Amino acid sequence: GAGVSQSPSNKVTEKGKDVELRCDPISGHTALYWYRQSLGQGLEFLIYFQGNSAPDKSGLPSDRFSAERTGGSVSTLTIQRTQQEDSAVYLCASSLQVRIGETQYFGPGTRLLVL
Amino acid sequence: AQSVTQPDIHITVSEGASLELRCNYSYGATPYLFWYVQSPGQGLQLLLKYFSGDTLVQGIKGFEAEFKRSQSSFNLRKPSVHWSDAAEYFCAVVSYNAGNMLTFGGGTRLMVKP
């Protein structure tokens, strides 16, 4: 079946612009995760959803970052007023449920470059 | 807080040689440990995971890992490396307190010489 998909694959934007990154999880997966992969910070967790709810938003780097999930499926990560330090690969993953050790399946990522 | 350390940033091995990638974790209780592989331009693919029980875990692509509590390690091994194994490898531990959040090590980039 289809895996996790993300769009766009690549995004180049100018500093100060807003961007939206989209994640389509595996059908039937109730848990969805966002991670960021950057040269300086490695792989870091941003936020997770259980259904449409995000119980803990403390992993988001700043208040310029927000995320939502609708219909228990697609999720959007929005970065407002982008900065150069936001340049990174944003990875989305999904799992059947939010349960310790449940395997997370990752998408190919969105490579964001802020000029 | 839990953490994961991968001491080797880069490793180069010859095709057909054996491989061991090191991973050390810091966690108070019995950890849930994972190894993922990332090929260039690709997402992360799960190789194997350890929760409990047998400390030697078999994974896909001929990889295995051994959990050693006394050394806080979870090293990844393969008896004979293939050129297609060239990729970046990440060890990770899951957090009990944050919805199955993965904490990753810094990664080890594997290069394979012909």
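As a reminder, the structure under discussion sits directly above these lines.
The sections below set out a description of the structure shown in this document. Residue numbering note: each chain is counted from 1, following its sequence as written. Chain labels run from A onward and ligand labels from 1 onward, assigned in the order the entries are written. Totals for whole chains, interfaces and linings use all residues, but because this is a predicted model, local features are given only for residues with pLDDT of at least 70 and pairs of side-chain atoms are given and counted only at 80 or more. Side-chain descriptors were evaluated using all non-hydrogen atoms of the structure, hydrogens and water having been removed beforehand.

## A few points about the overall build of chain B
Numbering of helices and strands starts at the N terminus; helices are DSSP runs of H or I of at least 4 residues and strands are runs of E of at least 2. Each helix and strand counted, chain B has 0 helices and 12 strands in total. Helices and strands appear in chain B in the N-to-C order β-β-β-β-β-β-β-β-β-β-β-β. As a reference, a globule follows 2.2 Å times the number of residues to the power 0.38, and the radius of gyration itself is taken over C-alpha atoms. In terms of overall size, chain B behaves like a compact globule, its C-alpha atoms giving a radius of gyration of 14 Å where 114 residues would be expected to give roughly 13 Å. Along the three orthogonal principal directions, the C-alpha set of chain B runs to about 45 × 30 × 25 Å. Considering only intrachain contacts with a sequence separation of at least 6, the fraction spanning at least 24 residues in chain B is 53%. The charged-residue count follows a simple rule in which Lys and Arg add positive charge and Asp and Glu add negative charge, with His and chain termini not counted at all. Working definition for charges: the position is that of NZ of Lys, CZ of Arg, CG of Asp or CD of Glu. In chain B, 9 side chains carry a positive charge and 8 a negative one; their mean positions are 3 Å apart. Contact criterion: two residues are considered in contact whenever any of their non-hydrogen atoms come within 4.5 Å of each other.

## A word on the interface of chain A and chain B
It is common to report an interface's size as the accessible area lost on association of the parts. On the side of chain B, 21 residues touch chain A, which itself brings 18 residues to the contact. Reported buried area values correspond to the accessible surface (1.4 Å probe) lost by two parts on association, with both partners' losses combined. Note on chain A versus chain B: buried area summed over both sides is about 1,600 Å², and carbon and sulfur give 59% of it. Area buried by chain A at its contact with chain B is led by Leu43(A), Ile100(A) and Phe106(A), which between them contribute 36% of it. A pairing counts as a salt bridge when a side-chain nitrogen of Lys or Arg comes within 4 Å of a carboxyl oxygen of Asp or Glu. Inspection of the region where chain A meets chain B yields 0 salt bridges. Any N or O atom pair separated by 3.5 Å or less is treated as a polar contact, with the protein-specific requirement of one donor-capable and one acceptor-capable atom, and with residues adjacent in sequence counted only for side-chain atom pairs. At the boundary of chain A and chain B, one finds 9 residue pairs in polar contact (both at pLDDT 80 or more). Mapped onto the side of chain A that touches chain B, the elements with two or more residues apiece are β4 (31-38), β5 (42-50) and β8 (88-95) of chain A. Its residues assigned to classes, the side of chain A that touches chain B comprises 10 nonpolar, 6 polar and 2 charged. Classification convention: Asp, Glu, Lys, Arg as charged; Ala, Val, Leu, Ile, Met, Phe, Trp, Tyr, Cys, Pro as nonpolar; all other residues, Gly among them, as polar.

## Considering the sheet that holds strand β1 (residues 5-7) of chain A
All names here are of chain A. Whether two strands pair depends on DSSP finding at least two bridges between them. If you walk across this open sheet you meet the 4 strands as β1-β3-β7-β6, and the pairing is antiparallel. A strand with exactly one partner marks an edge of an open sheet, and here the two such strands are β1 and β6 (65-69). On average, each strand axis in the sheet is tilted by 15° relative to the strand beside it, whichever way the strands run. Where β6 lies against strand β7 (residues 75-79), 5 bridges are found, and the strand directions are antiparallel. Paired with alanine 67 across the bridge in β7 is leucine 77. Only the contacting stretch of a helix is used when fitting its axis, a line to C-alpha atoms as for every element, and angles between N-to-C directions run 0 to 180 degrees.

## Description of unusual backbone geometry
The omega torsion across Ser7(A) and Pro8(A) is -10°, close enough to zero to call that bond cis. Its place among the elements puts Pro8(A) in the loop between β1 and β2 (10-13). One non-glycine residue, Lys61(B), lies in the positive phi region at around 60°. Along the chain, Lys61(B) turns up in the loop between β7 (56-58) and β8 (64-68). For Ser72(B), which is not glycine, the phi dihedral falls at a positive 50°. You can see Ser72(B) is positioned in the loop between β8 and β9 (73-78).

## A look at the nonpolar core
Nonpolar cores were defined as sets of buried Ala, Val, Leu, Ile, Met, Phe, Trp, Tyr and Cys residues, with membership established by side-chain atoms within 4.5 Å. Throughout this description, buried means an accessible area under 20% of the type-specific maximum (1.4 Å probe, protein chains only), exposed means over 50%, and partly exposed covers the range between. Counting 26 residues, the largest nonpolar core has Leu19(B), Trp35(B), Leu47(B), Leu48(B), Phe74(B), Leu76(B) and Tyr89(B) as the members making the most contacts within it. Where this core is concerned, the elements lending two or more residues are β2 (10-14), β3 (19-21), β5 (33-38), β6 (44-50), β8, β9, β10 (87-94) and β12 (108-113) of chain B. Every residue in contact with Leu76(B), bar those within four places of it in the chain, is listed here: Leu19(B), Glu20(B), Leu21(B), Trp35(B), Leu47(B), Leu48(B), Phe63(B), Glu64(B), Ala65(B) and Tyr89(B). Membership of the second largest hydrophobic core comes to 21 residues, among which are Leu21(A), Ala67(A), Leu77(A) and Cys92(A).

## Digging into the environment of Ser52(B)
Among the structural elements, Ser52(B) can be located in the loop between β6 and β7. For the pair formed by Ser52(B) and Phe67(B), sequence separation is 15 residues and the distance between their alpha carbons is 9.2 Å.

## Let's talk about the state of the cysteines
Residue and element names in this part refer to chain B. Note on terminology: pairs of cysteine sulfur atoms within 2.5 Å are recorded as disulfides. Following the criterion strictly, the structure yields 2 disulfides over all chains and no others. The side chain of cysteine 23 participates in a disulfide bridge whose partner is cysteine 91; the two sulfur atoms lie 2.0 Å from each other. Its S-S torsion of approximately -65° makes the covalent link between cysteine 23 and cysteine 91 left-handed. Of this pair, cysteine 23 sits in the loop between β3 and β4 (24-26) while cysteine 91 is found in strand β10, placing the two residues 68 residues apart along the sequence. This pair shows no difference in class: cysteine 23 is buried, exactly as cysteine 91 is.

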